[in-house]
Amino acid sequence: MTDWPDILSDYRSYLRIERSLSANTVASYMSDIAKLRGAYPGQRAEELTTDDLSSFLASEVEHGISKRSQSRLVSSLKSFYGFLEIEGRIQDNPAEKIDSPKISRHIPTVLSVGEVDRLISSVDLSTPEGHRNRAILEVLYSCGLRVSELVSLRISDLFLEDSFIRVIGKGNKQRLVPIGEPAVRAVRLYISQTRRSFASKKDEDVLFLNRRGGQMSRQMVFLIIRRQCQAAGITKEVSPHTLRHSFATHLVENGADLRSVQQMLGHESILTTEIYTHIDSGKWQRTILDHHPRG
């Protein structure tokens, strides 16, 4: 008889409470470990060896999972067995010697400043949805938000007089993000002119509401952006994250400090933010050569 149920229950609590991971990340990690359990029925988690974990990983690779999924699976195994080690359930960690696959860094799609202007300007402001949708686009681009952060925004998170908003990011972590004047104007216009046509008491503090007066879904924001790109004649593959990438890229291009961009995006590691330095590398090269003592 194994003690998997007790271990998994304790592990879930560890991920949520001690590591403060998002619900999506917790679900992904738990799903990966459930697969491991299924691969070795009747064996205790503490009995599995490095060879067992490597065989499990190899089996998943044979089933065609991507390198990114492989990398996450390795992270899940390392996290789980790190937890068992912390709890004193194992002495030697079998996941320590497992390496993540090398993943080529994905260069995200980015809109030019002109394309962002076209996208936002193409919104039809003759309808209540138009005012809401324009405010959505302005906030996504002005603040570099994740779509989950956007749909969770509340009116009580807005400090428009002081030009910043409060954002609840991954792991329930809060950060303050500056908001530009065009976005402030769009949000104020939406709240004063058209939000009442969506409002209901159910989600009275939620900023962006759907037609039923409830919180908008992520899928709805994707659909709004896809339709608006068609209206603006933009043929690139665009998602809410594209506006976040564009926001960060334009900041870096214009000389913003990478640490500041990291804080605004809510990245835990600056290595994640460094992807934006690939844009306009010629400009960075000229800056370095112009200021280098032996340039």
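Read on for a plain summary of the structure. (Residues numbered from 1 in each chain as written. Predicted model: local features only at pLDDT ≥ 70, side-chain atom pairs only at ≥ 80, totals over all residues. Heavy atoms only, no water.)

Remarks on the environment of Tyr81
Turning to its location among the elements, Tyr81 is positioned in helix H4 (residues 67-86). Linking Tyr81 and Ala45, residues 36 residues apart in sequence, is a C-alpha distance of 8.7 Å. Aside from chain neighbours lying at most four places away, what touches Tyr81 is Leu36, Ala45, Leu48, Leu53, Ile90, Asn93, Pro94 and Ala95. (Helix = DSSP H or I, 4+ residues; strand = E, 2+ residues; numbered from the N terminus. Contact = heavy atoms within 4.5 Å.)

Section: the pattern of salt bridges
Tallying each qualifying case throughout the model produces 11 salt bridges. A salt bridge links Arg188 to Glu161; the shortest N-O distance between them is 2.9 Å. Of this pair, Arg188 sits in helix H8 (residues 181-194) while Glu161 sits in the loop between strand E1 (158-159) and strand E2 (164-168), and the two are 27 residues apart along the sequence. What makes Glu161 exposed here is its relative accessible area of 69%. What emerges from the salt-bridge pattern is a single network uniting Arg146, Glu149 and Arg175. (Salt bridge = Lys/Arg side-chain N within 4 Å of Asp/Glu carboxyl O. Buried < 20%, exposed > 50% of the residue type's maximum accessible area, 1.4 Å probe, protein only.)

Description of the sheet that holds strand E3 (residues 174-178)
Taken in spatial order, the 3 strands line up as E1-E2-E3 in an open sheet, and their pairing is antiparallel. The outermost strands of the open sheet, each flanked by one partner alone, are E1 and E3. Pairing between E2 and E3: 5 bridges, direction antiparallel. Bridge pairing in E3 places Ile165 opposite Val177. (Pairing = 2+ DSSP bridges.)

Some remarks on the packing of helix H2 (residues 23-39) against helix H3 (residues 50-62)
Where H2 meets H3, the axes come as close as 11 Å, and the angle between the chain directions of the two elements is 105°. With respect to their mutual orientation, H2 and H3 come out roughly perpendicular. For the pair formed by H2 and H3, the contact residues are Asp32, Lys35, Leu36 and Ala39 on the first element and Leu53, Phe56 and Glu60 on the second. A class-by-class count of the residues in the contact of H2 with H3 yields 4 nonpolar, no polar and 3 charged. (Axes fitted to C-alpha atoms, helices over the stretch in contact; angles between N-to-C directions. Parallel < 35°, antiparallel > 145°, perpendicular 65-115°, else oblique. Nonpolar A, V, L, I, M, F, W, Y, C, P; charged D, E, K, R; others polar.)

Comments concerning the packing of helix H10 (residues 240-253) against helix H11 (residues 258-265)
The N-to-C vectors of H10 and H11 enclose an angle of 160°; their axes lie 10 Å apart at closest approach. One element, H10, and the other, H11, form an angle in the roughly antiparallel class. Once H10 is placed against H11, the crossing between them reads as right-handed. Facing Arg244, Phe247, Ala248, Leu251 and Val252 of H10, the residues of H11 in contact are Leu258, Val261, Met264 and Leu265. (Left-handed = near helix turned anticlockwise from the far one by under 90°.)

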